[in-house]
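A structural walkthrough
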Amino acid sequence: MSFVSMPRQDLLLAIDSLAQEKQIDREIVIESLEAAIAKIAKHKYGEEFNIVANIDRKNGAIYVKRLFTVIESPAAAGEEYDAGTMLTVAQAKKYAKNPQVGDTVEDPLPEPEFGRMAFQTAKQIMTGRVRDAEKGRQYEEFKDNIGDIVSGVVKRIEFGNIFVDINGKAEGYIKGTELIPGERLAVGDRVRALIMDVARSNSGPQIFLTRTHPMFMEKLFVQEVPEIYEGIIKIKSVSRAPGSHAKIAVETQDPSIDAVGMTVGIKGTRIQPVINECHGEKIDVILYSEDPAVFIVNAMQPAKVAKIIVDEDTRTAAVVVNEDQQSLAIGRRGQNVRLASQLTGWNIDVMNEAEEQERRAKEFKEKTELFIRGLDVDEMIAHLLITEGFRTIEEIAFVDISELESIEGFNPELATELQNRAKAYLAKIEQDYLDQGHALGMTDDLLGFDFIKRPIIMQLGAAGIKSLADLADLASDELIEILGEDTMSPRLAARVVMKARELAFGITQGEE
């Protein structure tokens, strides 16, 4: 016996309409309806049966059927035997001509009638599945838009946190700390923010927004400056003190284009909308340079730099300014130099000429004392080495011998003797370090962990961290507790622990 539903084009039209309204796949709506019909059929024919429903995708006809698995015998099925879903070969011949063990046979059923209760059941099942599909679509849509700016209307405010209706599609959330200091939003206000993260939840995607992140300002410039949008001008970096001051570095490969002027616009027409959106934040547009010294000098605007000394090994720069420029270079509460440091990625020290001379004299004295003590030489030879640019004993130990020989007054014998003394001094320092570590019970793998400085490793040993495995077992907050917040930031602590786990246990993790 077979039961065939009449074609239902009106059903397909309703399915297409719902799929378009909810912006979800048509197939999801059809599968939801099939599940609802199967549920109703189970109520009518028995919950113990495996009942499925199928809707013809072309004409809307509905087919309902019971499914049975063919078995050899109930005894052969053992504890898994289920009379509602299994038939022997003899029983299955009622539904199929030549059934074999393992086959699935079908028993067509009449389409169930949709009474009031049945209709409510179907509606609940469909509504739940369609809502889940809609949440999934929203999550995938917004997950792909992390880092983009969205616009919405303030829906409600709770304890300083803002909930934003994003075009009726989803709800965004701005923590109070992600709002620009001093701005006040009210229910009904339209607000723009950057999608920082998207997470799944039972109520739909949780969309975390920010107005303080440097990328928020970067994206605003992309919207306001066509040359940035088209890639003619590139934003290299952004640093912000939200609501107060910001710096943005730009560059272009086209020599005919003024990257800074284009970004600012005639009489500030392009930068002003960004300033307004960022609650009056003062913005310095800086010309980027591959030369770190030039870039740092540019980043120190509006202060004028008299001289700069850079140390590429430690990525530190000493910026020398006239005394009348010093307060401007540092900025209120150190804001200008801090933003310049964030923009360039260099540690920047600001000093006037008198302080710089004092610093140089101090460094000269320290290096002189180091060379006299480490190389067992007199003050004159130490001064000659410093004048030639040598800063550490490591440089003397491993430099090409010809560079030492070329120093005025040096000969090959003296150069060789100095290099040998330098190597002997470093070997002694190394042995003293290992002896100190071993005396604390530390293993060589931790003593050789060159991801952090040796005084910090000794501090760990004194605190009971004896091996690389001990370090790898720590959480980052435990490491900070041992070393102190002044010694290690949360970000660096996390990187140290991850590196230790990689070396000790072979566990690798991606870093942002």
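Read on for a plain summary of the structure. (Residues numbered from 1 in each chain as written. Predicted model: local features only at pLDDT ≥ 70, side-chain atom pairs only at ≥ 80, totals over all residues. Heavy atoms only, no water.)

A few words now on the sheet that holds strand β14 (residues 316–321). Spatial strand order, β13-β14-β15: three strands in an open sheet with mixed pairing. In this open sheet, the two strands that pair with only one neighbour each are β13 (307–311) and β15 (347–352). Strand after strand, the sheet turns through a mean of 15 degrees between neighbouring axes, direction not considered. Contacting β14 and β15, helix α11 (residues 323–330) runs over the sheet at an angle of about 150 degrees to β15. (Pairing = 2+ DSSP bridges. Helix = DSSP H or I, 4+ residues; strand = E, 2+ residues; numbered from the N terminus. Axes fitted to C-alpha atoms, helices over the stretch in contact; angles between N-to-C directions. Contact = heavy atoms within 4.5 Å.)

Our next topic: the sheet that holds strand β12 (residues 282–287). Strands sit in the order β10-β11-β12 across an open sheet of three strands; the sheet is mixed. In this open sheet, the two strands that pair with only one neighbour each are β10 (233–241) and β12. Averaged over all pairs of adjacent strands, the angle between strand axes in this sheet comes to 20 degrees, irrespective of strand direction. Packing of helix α6 (residues 214–224) onto the sheet brings it into contact with β10, β11 (245–252) and β12, and relative to β10 it is tilted by some 140 degrees. Each of β10, β11 and β12 touches helix α12 (residues 335–344); the most contacted strand, β11, lies at about 35 degrees to it.

What follows deals with helix α19 (residues 454–462). For α19, the full list of buried residues reads Ile456, Ile457, Met458, Leu460 and Gly461. Among the structural elements, α17 (412–439), α18 (444–447), α20 (468–472) and α21 (476–483) are those in contact with the buried residues of α19. Remark: Gly464 follows α19 within two positions and exhibits a positive phi of approximately 100 degrees. (Buried < 20%, exposed > 50% of the residue type's maximum accessible area, 1.4 Å probe, protein only.)

Time to look at the side chain of Ser237. Assignment of secondary structure puts Ser237 in strand β10. Here Leu343 takes part through its backbone oxygen, which lies 2.9 Å from a polar atom of the side chain of Ser237. Apart from the residues within four sequence positions on either side, Ser237 is in contact with Lys247, Ile248, Ala249, Phe295 and Leu343. (Polar contact = N/O pair within 3.5 Å; in protein donor to acceptor, adjacent residues only side chain to side chain.)

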